[in-house]
Amino acid sequence: MKNQGKDLQLVKQRKRRRIKENLEAFAYLSPAMTILFIFLFIPVVYALGLSMHRGNPIDGFRFIGLTNYISILGSDIDFYKAVVNTLYYCLFSIPTQIVIGIGLAMLLNRAIKGIGFFRTVYFIPHITSLVAVAMIWKWIFNEEFGLVNYLITAMDIEKVRWFNDPEGIIQKMMQYFPIEMIKSYYMSLTHCVDSSAHPMWKRIFGYALRGPSLAMFTIVSLSVWKVIGYTVIIFLAGLQNINDSYYEAAEIDGANKWHQFRNITWPLLSPTTFFILIISFIAAFKVFVPMMMMTNGQPENTTVSVVYYLYQQAWTADRMGKASAIAYILFSIILIITIIQNKIIGKKVHYDS
Amino acid sequence: MTRKKTSTFTLFLLFAGVLVTIFPFYWMIATSLKTASEALQFPPSFYPHALAWDNYKEAWEAAPFGMYFFNSIFCGIISTIGVLFTSALAAYAFSRMKFVGKGLFFYLVLGTMMIPGQVLLIPNYIILEKTEALNAIYRFFLTDNMYDWLIDQKLWNFIKFGLNSYFALIFPWLASVFSIFLLRQFFKGIPKDLYDAAEIDGASKFRALFQIVIPLSKPALITSALLSFLGQWNSLLWPLIVTTSDYMRTLMVGLQTFQQEAGQDFHLLMAASSISILPILILFFFLQKYFVRGIVRSGMKS
């Protein structure tokens, strides 16, 4: 009897201690969790709800089911233009960033002296604010007084209207295409964008065929310049993980520099490259500040990115329901990229043990 | 081995890289020191012929940059302190305590790292707009005189809720999933013996956190602090949508509006842009290794 009482007391004590432990832990978690709940967990669900409504806080919201998604994905040519613009931004900025990044990292990996100095300098653009730097870019590419146009006129070429020429670069090049039949077919394809008589896919395709505008290239150059220091540091870390003995063996076998790169550096660097590819892709899909600072989406909306389109819809057109739907579409795209990433990483990209 | 020797050609290419990296900054400073007419000269001069230091004064006075600066620094410091406080506590719970639903909570927090901030933008804006109603609490306690005095002294914005307040600029950023994650990893790496020793000595969990864990976690704390400060300092979209009046704008929003108003005054624009870059540059040179480490890690989070 006495023993049983003791056991019971012990169990009670243990239980009390566990409750106390739990309460203590929740007390520690509560500051962060309160904020995360109000400004992260609830908004995620709230945004999903909003995406099924039409309106804004002032005029009120009205439930419309999946209409926003259907109209955006089914008939909103401006949304698809924004997607095409963003994809062009990815297409030109990411490979450039990777090529220059690997190049500089390999050079740095060779330089034993001053590696810290170069790394620091290359890293500076990455920490400066995009807002301030975009202002410099806008000035350098200024049509009348900008430095770039001065260098261009010095080469006896006419000033380029960087921010005011809506024509796509493919469109520009096709003007000089020698075969008349292909040229006129191309023209007919790119001209169907603005008439709603044509089916959506044809209009989107026609828009993509125009190519990015010059203004997009100024933005691409800014992004590459800004991110390169980061890319170099990541690639440098990747390169330093490659064992020197591979190169020694290759040299004994008589492999030249290109073979060494092709068969050792590139495959062993592939996890790093893949990592950069994924995070750049995700970051590129969220591009906004350069558009806001440099072009306002102009000329003729050729630099409207997905996020800039979202911003315009929510705060210029006052369509917060639709903007939430765009946000969720963006979320889905990023989710898909992340899933693909996990699948491929699961299969392992690299061959090093 | 030839691979480790620095050739002249390598150095040449590396220096070309340095030139491309630095030149836009040089051009910014050069333009900022030119007179209005020299800045708009074509062909441009490659260096300012007479140093027009007055541009900085003029730019500073053309818009309330003092206020913008204060707002950015104030918001940066407060949210950094807030993030460190909330993250250290949460990370401590995740790394050293047992509680119901620990795994679930942790994966919930971790899972949100994938969510793009743009998804949260509109709901957070609406939530903040609704917090305007909380101002009724102040109205209940404050007399009209006190209320007017607070507005006169420009203190009202520090305590009010709703849009266009420090609350709107700071509060949503007082917790950071990334910092929680980073600190948890670091806390887990601290030897268990140290915790046991503290417990034997009769130190409470709270004391162990502040006297053992935090002093040992300086690198991780500095990294979180830097990222949080930099995030606040450089952010444009959020302050742009939650501020409407001039005196609440942060430096980045101020620059954006200044750019729209200044038109062709490139010498002033470049002066303003130099002013905004300088503080971060100084911070960078002092805390370089933490910057690199932190930013590289923040990329790794995905």
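Residues numbered from 1 in each chain as written. Chains lettered and ligands numbered in written order. Predicted model: local features only at pLDDT ≥ 70, side-chain atom pairs only at ≥ 80, totals over all residues. Heavy atoms only, no water.

Undergrad: Mind laying out the overall build of chain B, listing which residues take part and the relevant values?
TA: Scanning chain B for helices and strands turns up 18 helices and zero strands. Against the globule reference of 19 Å for 302 residues, chain B gives a C-alpha radius of gyration of 24 Å, more extended than a compact globule. Along the first, second and third principal axes, the C-alpha atoms of chain B reach 80 × 75 × 35 Å. A burial count over chain B gives 52% of its 302 residues as buried. For chain B, contacts bridging at least 24 residues in sequence account for 71% of all contacts bridging at least 6. Just so you have it, chain B exposes about 14300 Å², and 67% of that area is on carbon and sulfur atoms. Charge centroids of chain B, computed over 23 positive and 16 negative side chains, lie 19 Å from each other. (Helix = DSSP H or I, 4+ residues; strand = E, 2+ residues; numbered from the N terminus. Rg over C-alpha atoms; globule rule 2.2 N^0.38 Å. Buried < 20%, exposed > 50% of the residue type's maximum accessible area, 1.4 Å probe, protein only. Contact = heavy atoms within 4.5 Å. Areas by Shrake-Rupley, 256 points an atom, 1.4 Å probe, with all protein chains shown as cover. Lys, Arg positive; Asp, Glu negative; His and termini not counted. Charge placed at Lys NZ, Arg CZ, Asp CG, Glu CD.)

Undergrad: Mind laying out the overall build of chain A, listing which residues take part and the relevant values?
TA: Within chain A, the regular secondary structure consists of 15 helices and two strands. In terms of overall dimensions, chain A is more spread out than a globule: its C-alpha atoms have a radius of gyration of 27 Å, far above the 20 Å expected for 353 residues. Classification of the 353 residues of chain A by burial places 51% in the buried group. Excluding contacts between residues fewer than 6 apart, the proportion of contacts in chain A whose partners are at least 24 apart in sequence is 66%. Split by element, the accessible area of chain A, about 17500 Å² in all, is 63% carbon and sulfur. On chain A, the mean spot of the 32 positive side-chain charges and the mean spot of the 21 negative ones are 15 Å from each other.

Undergrad: A description of the pairing of strand E2 (residues 60–63) of chain A should follow, citing residues and the corresponding values.
TA: Residue and element names in this part refer to chain A. Pairing geometry for strand E1 (residues 53–56) and E2, over four bridges, is antiparallel. Each residue of the ladder has a partner; that of His 53, found in E2, is Phe 63. Connecting E1 to the antiparallel partner E2 that follows it, the hairpin turn spans three residues. (Pairing = 2+ DSSP bridges.)

Undergrad: Outline the packing of aromatic side chains, listing residues and values.
TA: This model, assessed by the stated rule, comprises 58 aromatic pairs over all chains. Between the aromatic rings of A:Tyr308 and A:Tyr311, the centroid separation amounts to 6.1 Å while the plane-to-plane angle is 40°, which identifies the pairing as tilted. Placement of both A:Tyr308 and A:Tyr311 in helix H14 (residues 306–316) is noted, with a separation of three residues, approximately one turn of the helix. Here the two residues A:Tyr308 and A:Tyr311 agree in accessibility, since each one is buried. Note on B:Phe69 and B:Trp233: the rings are 5.9 Å apart at their centroids and 80° apart in plane angle, and the pair reads as edge-to-face. In this pair, B:Phe69 is assigned in helix H4 (residues 65–96) and B:Trp233 in helix H14 (residues 218–234), connecting sequence segments 164 residues apart. (Phe/Tyr/Trp six-rings, centres within 6.5 Å; stacked < 30°, edge-to-face > 60°.)

Undergrad: Residue-level account of the packing of helix H4 (residues 115–127) of chain A against helix H10 (residues 214–240) of chain A, with values.
TA: Residue and element names in this part refer to chain A. Across the interface, H4 lies against H10 with an axial gap of 5 Å and an inter-helix angle of 140°. Relative to H10, the element H4 is oriented oblique. Crossing of H4 over H10 shows left-handed handedness. Residues Ile 115, Arg 119, Tyr 122, Phe 123, Pro 125 and His 126 of H4 lie in contact with H10, whose contacting residues are Trp 225, Lys 226, Val 227, Gly 229, Tyr 230, Val 232, Ile 233, Leu 236 and Gln 240. Residue composition of the contact of H4 with H10, grouped by class: 10 nonpolar, three polar and two charged. (Axes fitted to C-alpha atoms, helices over the stretch in contact; angles between N-to-C directions. Parallel < 35°, antiparallel > 145°, perpendicular 65-115°, else oblique. Left-handed = near helix turned anticlockwise from the far one by under 90°. Nonpolar A, V, L, I, M, F, W, Y, C, P; charged D, E, K, R; others polar.)

Undergrad: Can you break down the interface of chain A and chain B residue by residue, with the values?
TA: Counting residues at the interface gives 92 residues for chain A and 96 residues for chain B. A buried area of about 8900 Å², summed over both sides, lies between chain A and chain B, and 79% of it is on carbon and sulfur atoms. Of all residues in chain A, the largest losses of buried area upon contact with chain B belong to A:Tyr28, A:Phe39 and A:Trp139, amounting jointly to 10% of the total for that side. Linking chain A to chain B there are one salt bridge. With a shortest N-O distance of 3.8 Å, A:Glu24 and B:Lys205 are connected by a salt bridge. Viewed at the interface, chain B and chain A are joined by 10 residue pairs in polar contact (both at pLDDT 80 or more). Among the elements that make up the side of chain A that touches chain B, the one with the highest residue count is helix H1 (residues 2–50) of chain A (21 residues). Among the residues making up the side of chain A that touches chain B, the classes are represented as 67 nonpolar, 13 polar and 12 charged. (Buried area = accessible area lost by both parts, 1.4 Å probe. Salt bridge = Lys/Arg side-chain N within 4 Å of Asp/Glu carboxyl O. Polar contact = N/O pair within 3.5 Å; in protein donor to acceptor, adjacent residues only side chain to side chain.)

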